[in-house]
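Residues per chain, in single letters:
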Amino acid sequence: MQFMLLFSRQGKLRLQKWYVPLSDKEKKKITRELVQTVLARKPKMCSFLEWRDLKIVYKRYASLYFCCAIEDQDNELITLEIIHRYVELLDKYFGSVCELDIIFNFEKAYFILDEFLLGGEVQETSKKNVLKAIEQADLLQENMKDKGYHFIMQGINDAHLQEKVE
Amino acid sequence: MPAVSKGDGMRGLAVFISDIRNCKSKEAEIKRINKELANIRSKFKGDKALDGYSKKKYVCKLLFIFLLGHDIDFGHMEAVNLLSSNKYTEKQIGYLFISVLVNSNSELIRLINNAIKNDLASRNPTFMCLALHCIANVGSREMGEAFAADIPRILVAGDSMDSVKQSAALCLLRLYKASPDLVPMGEWTARVVHLLNDQHMGVVTAAVSLITCLCKKNPDDFKTCISLAVSRLSRIVSSASTDLQDYTYYFVPAPWLSVKLLRLLQCYPPPEDAAVKGRLVECLETVLNKAQEPPKSKKVQHSNAKNAILFETISLIIHYDSEPNLLVRACNQLGQFLQHRETNLRYLALESMCTLASSEFSHEAVKTHIDTVINALKTERDVSVRQRAADLLYAMCDRSNAKQIVSEMLRYLETADYAIREEIVLKVAILAEKYAVDYSWYVDTILNLIRIAGDYVSEEVWYRVLQIVTNRDDVQGYAAKTVFEALQAPACHENMVKVGGYILGEFGNLIAGDPRSSPPVQFSLLHSKFHLCSVATRALLLSTYIKFINLFPETKATIQGVLRAGSQLRNADVELQQRAVEYLTLSSVASTDVLATVLEEMPPFPERESSILAKLKRKKGPGAASALDDGRRDASSNDINGGVEPTPSTVSTPSPSADLLGLRAAPPPAAPQAPAGAGNLLVDVSSDGPVAQPGLGPTPEEAFLSELEPPAPESPMALLADPAPAADPGPEDFGSPIPEADELLNKFVCKNNGVLFENQLLQIGVKSEFRQNLGRMYLFYGNKTSVQFQSFTPTVVHPGDLQTHILLAWPSPLAPGLPSWDEMDPGRDPSSALLPESLSAS
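Just so it is clear, the model here is predicted, and its values are computed rather than measured. (Residues numbered from 1 in each chain as written. Chains lettered and ligands numbered in written order. Predicted model: local features only at pLDDT ≥ 70, side-chain atom pairs only at ≥ 80, totals over all residues. Heavy atoms only, no water.)

### Digging into the overall build of chain B
Piece 1. Helix and strand content of chain B: 39 helices and six strands.
Piece 2. Taken across its 842 residues, chain B has 54% of its residues classed as buried.
Piece 3. Once local pairs closer than 6 in sequence are excluded, the contacts in chain B between residues at least 24 apart make up 68%. (Helix = DSSP H or I, 4+ residues; strand = E, 2+ residues; numbered from the N terminus. Buried < 20%, exposed > 50% of the residue type's maximum accessible area, 1.4 Å probe, protein only. Contact = heavy atoms within 4.5 Å.)

As structure tokens, then:
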């Protein structure tokens, strides 16, 4: 995957993840053009389109458009399911996620994405594992303040080892 | 309502975001942002050190502002400070900031790399993952240099956690893509391949992506992955939906991993080992079989996942191109999808079938679906789907269905999107030429193309039709007739006029017998379109007119009248003006034989690579080259060059029809040495300059040429007594030229330099140069004897109305020795120079 954009029906960008090096100017240009192109599509049209030399896969969930740019040889249908899996992850984490959750907790959206995709490739497809990793981070934060921290770290290490044995 | 973030409530951030959202206008938003930026700036610069939480909050705010689209030029230092915190969320925000706002300050980079190094060495998997994520997100060369050696170690170390291994694999992938030279192959490659056997599916997933990329450049290093991949794949495909637990997605076992494994296998040819191959084929068949089974779930996710695997399987089958049975099955499966309810599937089926069409095993099978595809072309509402259908028609075209497909594509062209018209025109042109059995059909098709989408018919296309008509005698008459009829349409496209003009100019005689298309009728038809056309077309038409004068002498007077008109002879465009003058002069001066030779019918064009195909490839980009490559077909049938490179005309303007002018110079037997076309020199040599003198008819020119003869040198030796066989004129007699004058002079029609006259005693050479309205002519005298010529006086006689400068500079005794023309420098050597200058430029 080359990049993923999330934007509202009004064209406001809610999340942007770039997996290729581009200058800020180029990013803004691409975003503008692509948002326009996708927003102009009618509902019944297919989820794929060709744009420049890339394939764009997009899907609308409520008021948010999820838009991924993949290369020529990548599989479009599986990308659609990548989008869906990401939405499921957000949904599980936030509990019935809506656009506002992503606006106010944008950093969490990035963290979740990083656990799921890395460098443009799918990293972990088990929903359980991804969410566990995120929740551990939250746990760490809450318990950071007291000396219980060290025990928690130990506990987490043990949990990893446990999983491996299973 | 705003949700308070889980884990840590950065209330300040939430409030700020609310404020921004409540801003009524862009100006208010900017104001609020600036206020916050000032606040943060002062906090960062402040005396008391900020605690971790506040730092995190402010850095997060800065990040938010940046993501809104505003530029941030500070905060990096604070973000880097956060990296060294022990608190996970502070680290997290720090890493997020620096991966989004990449900074090239070397000091900062050093600090960042240090922090990452610490985290990587910390043996804390969560910290290690954070660091790896950061490297993968930034992927800069500096990071690659710092860490490319460490990552493989972490990847294959036995005590690395699974999550760390996953992240390390994809991090390495990112670094490799960015700077492949920093990641040398080593003994770790074998261990990476072994990861395919790992228990943890996530690790396998990440490892497969890494191997897929690495093996493209180093196929041998990773060859062992094939059998491992096949066994993994067949285990997944044959597993029940409950086996893989959390890796089952809507009743489909490990769809992402399956797709990735299939992609990996496409990097290699079919496995050589029979057992492995057998297992793979079985696996592929299972996938194809499953597609026929009723779905386990109604959800679209289930069908998408299942079909994703199916399409990737088909891609693999196409890539191998060696199992006819599988290919045909794949084709049938796609055929079913062509009529599926879901648009996505129809789109993908059309796309996949395009690749299938180029395989010889399945080509026939693909053709059976032609009616469905044509229907899709007509009825699909989504333009991208229609476009895929058009692509597929192009790919599946062969001799048996060419006529049908071309007519369908023409019909599609009438209503097609403007953006894709040019591509369709090129494709139709290529198909029509390739599969034409009957060339009159080809001519009809191209003319139809021009009629329907004239604006998008590029030069390559109509040059091509002209070449083909020129090369094939059998279709010339038909072409002339059809083009004549087409021109009679009230509003015909300019490209039609171009094609028509050329064809009638060359082959109009073939239809001249019919009174409806008699020469005067042809001429007036063309001339009626004349002023509606652009300069290039008008130039082409002028060429046609002179050809008419040759073909149909009865039209000479009319056409000359047109050429003589002020609008032509004094036309603002240089090309048109030049052509008008030259053609007018040519028609008046040249005898019918000369005219016939000069305006002889075009010879057949040489065969060269089709430039239409080249243009189409350029348009589509490198990816589509395979679909267009008709390597399997006879590619050399009648491929003629699209744009014949003629001898360029240096003097005339580079208009498209300049080619034709240059080409016209080619057939005449006396191949011109000078770059300029024959016509130009005629004018230059004749008068005191180029087109400036309209009134200058043939007479002064002839006189000039005839008088450009070697004047009798006044020397004691009766030079002219010797070699000239005919009676020599006396020294004072300049009137009549020597008999060979014509022959000798004729060659200067086509060249600027050369020997004008030579006998045993004397050699006279001419060297002339012309630039715009200035011309310069040098006469060189060479003494072929071994004695000096005493009182050697050349005389040049010229028509009275030319003002000339004559440099009387030559040494009275002409020393022996022939000058060498190439090294002759007029300034140094004895010569007489004539410098005609035009008096008035019109």
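### Let's talk about the overall build of chain A
Piece 1. The helix and strand tally for chain A stands at six helices and seven strands.
Piece 2. Starting at the N terminus, the α and β elements of chain A follow one another as β-β-α-β-β-β-α-α-α-β-β-α-α.
Piece 3. Split into buried and exposed, the 166 residues of chain A put 60% on the buried side.
Piece 4. Long-range contacts, defined as pairs at least 24 residues apart, comprise 46% of the intrachain contacts of chain A with a sequence gap of at least 6.
Piece 5. About 7,300 Å² of surface is accessible on chain A, with carbon and sulfur atoms providing 52% of the total. (Areas by Shrake-Rupley, 256 points an atom, 1.4 Å probe, with all protein chains shown as cover.)

### Points about the interface of chain B and chain A
Piece 1. Taken together, the contact pairs 82 residues of chain B with 67 residues of chain A.
Piece 2. Taking both sides of the interface into account, the surface hidden between chain B and chain A amounts to around 6,500 Å²; carbon and sulfur atoms contribute 54%.
Piece 3. The salt bridge involving Lys 55 of chain A is made with Glu 351 of chain B; its shortest N-O contact spans 3.8 Å.
Piece 4. There are 24 residue pairs in polar contact (both at pLDDT 80 or more) connecting chain B and chain A.
Piece 5. Across the side of chain B that touches chain A, the residue classes tally to 38 nonpolar, 27 polar and 17 charged. (Buried area = accessible area lost by both parts, 1.4 Å probe. Salt bridge = Lys/Arg side-chain N within 4 Å of Asp/Glu carboxyl O. Polar contact = N/O pair within 3.5 Å; in protein donor to acceptor, adjacent residues only side chain to side chain. Nonpolar A, V, L, I, M, F, W, Y, C, P; charged D, E, K, R; others polar.)

### Observations regarding the sheet that holds strand S2 (residues 13-18) of chain A
Residue and element names in this part refer to chain A.
Piece 1. Spatial strand order, S2-S1-S5-S4-S3: five strands in an open sheet with antiparallel pairing. Looking at the sheet topology across the chains shown, the edges are occupied by S2 and strand S3 (48-51). On average, each strand axis in the sheet is inclined to that of its neighbour by 20°, with strand direction left out of account.
Piece 2. Bridge count between S3 and strand S4 (residues 54-61): four bridges; the pairing is antiparallel. (Pairing = 2+ DSSP bridges. Axes fitted to C-alpha atoms, helices over the stretch in contact; angles between N-to-C directions.)

### Quick notes on the pairing of strand S3 (residues 753-758) of chain B
Residue and element names in this part refer to chain B.
Piece 1. Pairing between S3 and strand S4 (residues 762-771): five bridges, direction antiparallel. Residue Gly 754 lies in a different strand from S4, and its bridge partner there is Val 766.
Piece 2. In sequence, S3 turns back onto S4 through a hairpin of three residues.

### Things to note about helix H1 (residues 24-39) of chain A
All names here are of chain A.
Piece 1. Along its 16 residues, H1 runs 22 Å from first to last C-alpha, staying within 8% of the 22 Å computed at 1.5 Å per residue.
Piece 2. For H1, every residue scored as buried is listed here: Lys 27, Ile 30, Thr 31, Leu 34, Val 35 and Val 38. In an axial view of H1, the angular spread of the buried residues amounts to 125°, which keeps them on one side of the axis. More than 90 degrees from the buried face of H1, the exposed residues found are Lys 25, Arg 32 and Gln 36. (Expected span 1.5 Å × (residues − 1). Arc of directions from axis to C-beta.)

### A look at the confidence of the model for chain A
Residue and element names in this part refer to chain A.
Piece 1. Confidence along chain A averages 83 in pLDDT terms, with 84% of residues attaining 70 or more.
Piece 2. Here residues 144-153 scores under 50 on pLDDT; set against residues more than four positions off or in separate chains, the count is 12 contacts.
Piece 3. Segment residues 160-166: pLDDT under 50, and 12 contacts once partners within four positions in sequence are set aside and those in other chains are kept. (pLDDT = per-residue confidence, 0-100.)

### Some remarks on the nonpolar core
Piece 1. One finds Tyr 86 of chain A together with Ile 116 of chain B to be the most contacted residues of the largest nonpolar core, which totals 278 residues.
Piece 2. Three or more residues apiece are contributed to this core by two domains, here domain 1 (10-101) and domain 2 (419-620) of chain B.
Piece 3. Every residue in contact with Ile 116 of chain B, bar those within four places of it in the chain, is listed here: Tyr 95, Ala 131, Cys 134, Ile 135, Met 143 and Phe 147 of chain B.
Piece 4. Of all hydrophobic cores here, the second largest spans 16 residues; its members include Phe 3, Ile 30, Val 38 and Tyr 65 of chain A. (Core = buried A, V, L, I, M, F, W, Y, C linked by side-chain atoms within 4.5 Å. Domains from an automatic or database assignment.)

### What to know about the confidence of the model for chain B
Residue and element names in this part refer to chain B.
Piece 1. Per-chain confidence: chain B averages 76 in pLDDT, with 78% of residues scoring 70 or above.
Piece 2. Summarising per-element confidence for chain B, the mean pLDDT is lowest in helix H37 (residues 678-686) (32) and highest in helix H14 (residues 255-265) (92).
Piece 3. A low-confidence stretch, residues 1-7 (pLDDT under 50), is modelled with 16 contacts involving residues beyond four sequence positions or located in other chains.

### A short note on the pattern of salt bridges
Piece 1. For the structure shown, the criterion picks out 42 salt bridges over all chains.
Piece 2. Residues Arg 52 of chain A and Glu 33 of chain A are paired through a salt bridge, measuring 3.1 Å at the closest nitrogen-oxygen approach. Of the two residues, Arg 52 of chain A sits in the loop between S3 and S4 while Glu 33 of chain A sits in helix H1, which places them 19 residues apart along the sequence.
Piece 3. Accessibility expressed as a relative area gives 28% for Glu 33 of chain A, which makes it partly exposed.
Piece 4. Across the pair Arg 191 of chain B and Glu 187 of chain B runs a salt bridge whose closest N-O atoms are separated by 3.6 Å.
Piece 5. Residue Glu 187 of chain B is classed as exposed on the basis of its relative accessible area, which comes to 66%.
Piece 6. Residues joined in a network through salt bridges with shared partners are Glu 50, Lys 55 and Glu 76 of chain A together with Glu 351, Arg 388, Asp 391, Glu 423 and Lys 427 of chain B.

### Topic: the packing of helix H25 (residues 459-471) of chain B against helix H26 (residues 473-487) of chain B
All names here are of chain B.
Piece 1. For the pair H25 and H26, the least separation of the axes is 6 Å and the interaxial angle reads 120°. In this view, H25 runs oblique relative to H26, as classed from their interaxial angle. Of the residues in H26, those touching H25 at Val 469, Thr 470 and Asn 471 are Asp 473, Val 475, Gln 476 and Ala 479.
Piece 2. A breakdown of the residues in the contact of H25 with H26 according to their chemical character gives three nonpolar, three polar and one charged. (Parallel < 35°, antiparallel > 145°, perpendicular 65-115°, else oblique.)

### Quick word on the packing of aromatic side chains
Piece 1. In this structure the tally under the stated criterion is 20 aromatic pairs over all chains.
Piece 2. Between Tyr 61 of chain A and Phe 66 of chain A, the aromatic rings sit 5.5 Å apart at their centres with planes inclined by 80°, giving edge-to-face as the arrangement. We note that Tyr 61 of chain A, like Phe 66 of chain A, is buried.
Piece 3. Plain terms: the ring middles of Tyr 93 of chain A and Phe 94 of chain A are 5.0 Å apart, the flat faces sit at 85° to each other, and that makes the pair edge-to-face. Each member of the pair, Tyr 93 of chain A as well as Phe 94 of chain A, is classed as buried.
Piece 4. Taken together through their ring pairs, the aromatic side chains of Tyr 61, Phe 66 and Tyr 86 of chain A make up a single cluster.
Piece 5. Directly above the aromatic system of Tyr 394 of chain B lies the positively charged group of Lys 427 of chain B, at a separation of 5.1 Å from the ring centroid.
Piece 6. Sitting over the face of the ring of Phe 530 of chain B, Arg 538 of chain B holds its NZ or CZ atom 6.0 Å from the ring centroid. (Phe/Tyr/Trp six-rings, centres within 6.5 Å; stacked < 30°, edge-to-face > 60°. Lys NZ or Arg CZ within 6 Å of the ring centre and 35° of its normal.)

### Digging into the side chain of Thr 555 of chain B
Piece 1. Relative to the helices and strands, Thr 555 of chain B is located in the loop between helix H29 (535-551) and helix H30 (556-564).
Piece 2. Among residues more than four places away in sequence, those in contact with Thr 555 of chain B are Pro 519, Pro 520, Phe 548 and Ile 549 of chain B.

### Comments concerning the side chain of His 133 of chain B
Piece 1. If you trace the backbone, His 133 of chain B turns up in helix H7 (residues 125-138).
Piece 2. What His 133 of chain B contacts, discounting residues up to four positions off in sequence, is Asp 114, Glu 115, Leu 118 and Gln 123 of chain A together with Ser 167 of chain B.

### Quick word on the pairing of S2 of chain A
All names here are of chain A.
Piece 1. In terms of burial, S2 is a largely internal element, five of the six residues being buried.
Piece 2. Inspection of the sheet shows strand S1 (residues 3-8) paired to S2 by five bridges, in the antiparallel sense. Looking across to S2, one finds that Phe 7 is bridged to Leu 13.
Piece 3. Counting the residues in the hairpin turn of S1 and S2 gives four residues, including Gly 11, whose phi is positive at 90°.

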